[in-house]
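Inside the fold
What follows is each chain in one-letter form.
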Amino acid sequence: MNCDVVVIGAGISGLSCAHDLMLQGHDVRILERQTSTGGNARSVHFDGFLMEQGPSTINVAYPSAINHIRELDLENSARELGPNVRKRYLRDSRGLHGISVHPMGFFLSGYLSLGERLAMASEFLQPRKSDKTEETIHQFASRRFGTGFADKVIDPLAAGIFMGDSKSLSIAGAFPKLAELEQRHGSIIRGILASKRGTEPGRRLLSWDSGIGTLSRTLTQRLGTRINTGTAVLKLTRTTSGFKISTANTGTIRARAVVLAVQPHVAAALLENLDPESADATGAIAAPPIAVTYLGYHKNQITHELDGLGFLSTKNEGQIISGAQFCSTMFDGRAPADHVAISCYIGGSRSPEKTSLPDKELSTLVNQELSGLLGIKGSPVVSRTHHWPRGLPQYTLGHENRRKIIETAHQRIPGLFMTGNFLKGVSIINCLESARTTANLVCTSLEMKDGGVEDESASNMAQN
Ligand SMILES: Cc1cc2nc3c(=O)[nH]c(=O)nc-3n(C[C@H](O)[C@H](O)[C@H](O)COP(=O)(O)OP(=O)(O)OC[C@H]3O[C@@H](n4cnc5c(N)ncnc54)[C@H](O)[C@@H]3O)c2cc1C
C-alpha cells in the first residue's frame, strides 16, 4: 500500500493532524495500535454515569482554540461549566479551603498567611528576570510570588495539570505563557489584568453532552476508512523516496512522509536507528503512571456542596489523591438524577507507586480520603479505576532543547515529523495546535519533494 503520509497514533494529536492533511488534499492513512481511536480522550458511559478516563474539559479561551471546535461543527453542541462552579478548592493537611474564583479570591481567603498574601500581591513590584538561565516552575513562582504561594498554590497546580513536581518541571517548557507574560508585561499580575481586557488569553472550559470523546469521535468519523485500528507500527525504515512502515498485522505501507503522534517512549523506540538524536530526546521525556478513580454517590450521602471544579492537593506523604474533579457539578448528565460523580487523580511523579495498588484498595482508600474532606457517609454506589501506565509527559529542565531537537527531525531526515502532547503543552488545545503546525510543515515538505512514492523495486535501495 502506498500513500502520501502515514500518521502513527490516533490520539487527538494524530487524528487532528491527519484531518488537516486530508483537508489539504493529501492521501493520508492513520495507523493505531488500539482497537479504538482517541488515545487518552475516552468517555465511558455506565449505569447512567459518564466517566472521563482522561481529559474532561477543553480550554477554548484562545481565539485559535475556538476555531478548531468551530471547524468541526462542534461549537453549538459544546457545553460551558455549570453555574455551581463557584469556587476553586485547595487542600492541605488542615482540609479543604474554598477560594472564590474572583480575581481577588486568594487575597481575600485565609488559605495563605497575611505575609504570604502580601508577598503574592507585591508581585508586580518584582523586577523582570534579566538572565537566560532556565528555572523550574517552583523557582519562578517563588521569585515572583513568594515561597508560600509557590508551595501552596503553584505546586498543587503543577500536580493537577501535569501530575508532576513543580520543583523539576521547567517554567519555559510547562507554562511558557507565564514566562512570556513576565517578559512582555514585566509582571504576571499586569499580564493577567491585560487578559481581562482581552489582550491575553484567559480560560473557558467546555465539553459536550457525551463527554470529551465527542471530539475524537467526530474526527474519527470524518477520517473514515483512512484509519486502521488494531495496527501497531513495529518499525520505520527510510527509503529513497520516503519511508517503509512495518506493522504487526497490516503488512508494509510506503509513504512519502511519516508523522509520529505516539507517546514519547514509543517514538524513542521507533526512531532508534532512523534518527538517534530524536530518539534520545523523546526517550528522555518521562511519563509516570496515573490512575483515575471515579466514584458515584447518592446525593444524600454527601454533606459538601461540591460547588467547584474539584480540588488540588498540596504535597502530603499520607495522602493518595493528588487532585479531584466534581464531575457532576462541572457538566450536566455526568450522573443519574440525585447522584453525584467525583473523579480522583492518583500517581504521577508525586507518587507513581500508588497506582500499582489493586483497584479495590484504591477505591477504598480514595473513598476514605474523600469521606473526611466532603462529609461522605458509606460506600460509593459505583466505583471504577482506569490506569494509564504512561501518564502525562514531564517537561523537566532541558525540555526546550529536547523539543527543538524533536521539531527539527525533518531537517535531518526529510519527511519525518512528530506531533503530540510531549512538545508544546499537554492540553488538548495544545495538541490541536501542534498538530496543525505539523500538518502545515508536512504539506510544505510534500510540495518540495519531487515525484511520488517509490515503486517496489526501489525498496531494495532502502537504508536503515
Ligand atoms: C488522566 C488525564 C487527564 C487529562 N485531563 C485533561 C483535561 O481535562 N484537559 C485537557 O486539555 N487535557 C487533559 N489531559 C491531557 C490530554 O488528554 C492529552 O495530552 C492528549 O489527549 C494526548 O493526545 P495525544 O494524541 O498527543 O497522545 P495519546 O492520546 O497518548 O495518543 C497516542 C496514540 O498512539 C497510539 N500508539 C502508540 N504506539 C503505537 C504504535 N506502535 N503503533 C500505532 N499506534 C500507536 C496509542 O495507542 C494512542 O492512541 C489529560 C490527560 C490524562 C492522562
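So, how was this worked out
Residues numbered from 1 in each chain as written. Predicted model: local features only at pLDDT ≥ 70, side-chain atom pairs only at ≥ 80, totals over all residues. Heavy atoms only, no water. Helix = DSSP H or I, 4+ residues; strand = E, 2+ residues; numbered from the N terminus. Rg over C-alpha atoms; globule rule 2.2 N^0.38 Å. Buried < 20%, exposed > 50% of the residue type's maximum accessible area, 1.4 Å probe, protein only. Contact = heavy atoms within 4.5 Å. Areas by Shrake-Rupley, 256 points an atom, 1.4 Å probe, with all protein chains shown as cover. Lys, Arg positive; Asp, Glu negative; His and termini not counted. Charge placed at Lys NZ, Arg CZ, Asp CG, Glu CD. Domains from an automatic or database assignment. Buried area = accessible area lost by both parts, 1.4 Å probe. Salt bridge = Lys/Arg side-chain N within 4 Å of Asp/Glu carboxyl O. Polar contact = N/O pair within 3.5 Å; in protein donor to acceptor, adjacent residues only side chain to side chain. Nonpolar A, V, L, I, M, F, W, Y, C, P; charged D, E, K, R; others polar.

Here the focus is the overall build of the protein. Helix and strand counts for the protein come out as 17 helices and 19 strands. Computed over its C-alpha atoms, the radius of gyration of the protein comes to 23 Å, within 12% of the 23 Å expected for a compact globule of 464 residues. Taken along its principal axes, the extent of the C-alpha atoms in the protein is 75 × 55 × 40 Å. Burial analysis of the protein (464 residues in total) assigns 55% to the buried set. Across the protein, every contact between residues at least 6 apart in sequence was considered, and the portion connecting residues at least 24 apart equals 71%. Summing over all exposed atoms, the protein offers an accessible surface of approximately 19900 Å²; the carbon and sulfur share of this is 51%. A distance of 3 Å separates the average location of the 49 positive side-chain charges in the protein from that of its 44 negative side-chain charges.

Another aspect to go through is the domain arrangement of the protein. In terms of domain boundaries, the protein breaks down into domain 1 (2-39 + 213-285 + 395-461), domain 2 (43-82 + 287-388) and domain 3 (107-200). The interface of domain 1 with domain 2 comprises 14 residues on the first partner and 18 residues on the second. A buried area of about 1200 Å², summed over both sides, lies between domain 1 and domain 2, and 65% of it is on carbon and sulfur atoms. Along the contact surface separating domain 1 from domain 2 lie one salt bridge. Linking Arg-436 and Glu-71 is a salt bridge whose minimum nitrogen-to-oxygen distance equals 2.6 Å. Applying the counting criterion to the domain 1 and domain 2 interface returns three residue pairs in polar contact (both at pLDDT 80 or more). Elements represented by at least two residues in the side of domain 1 that touches domain 2 include exactly α10 (213-223) and α17 (428-448). Grouping the constituent residues of the side of domain 1 that touches domain 2 by class yields six nonpolar, five polar and three charged.

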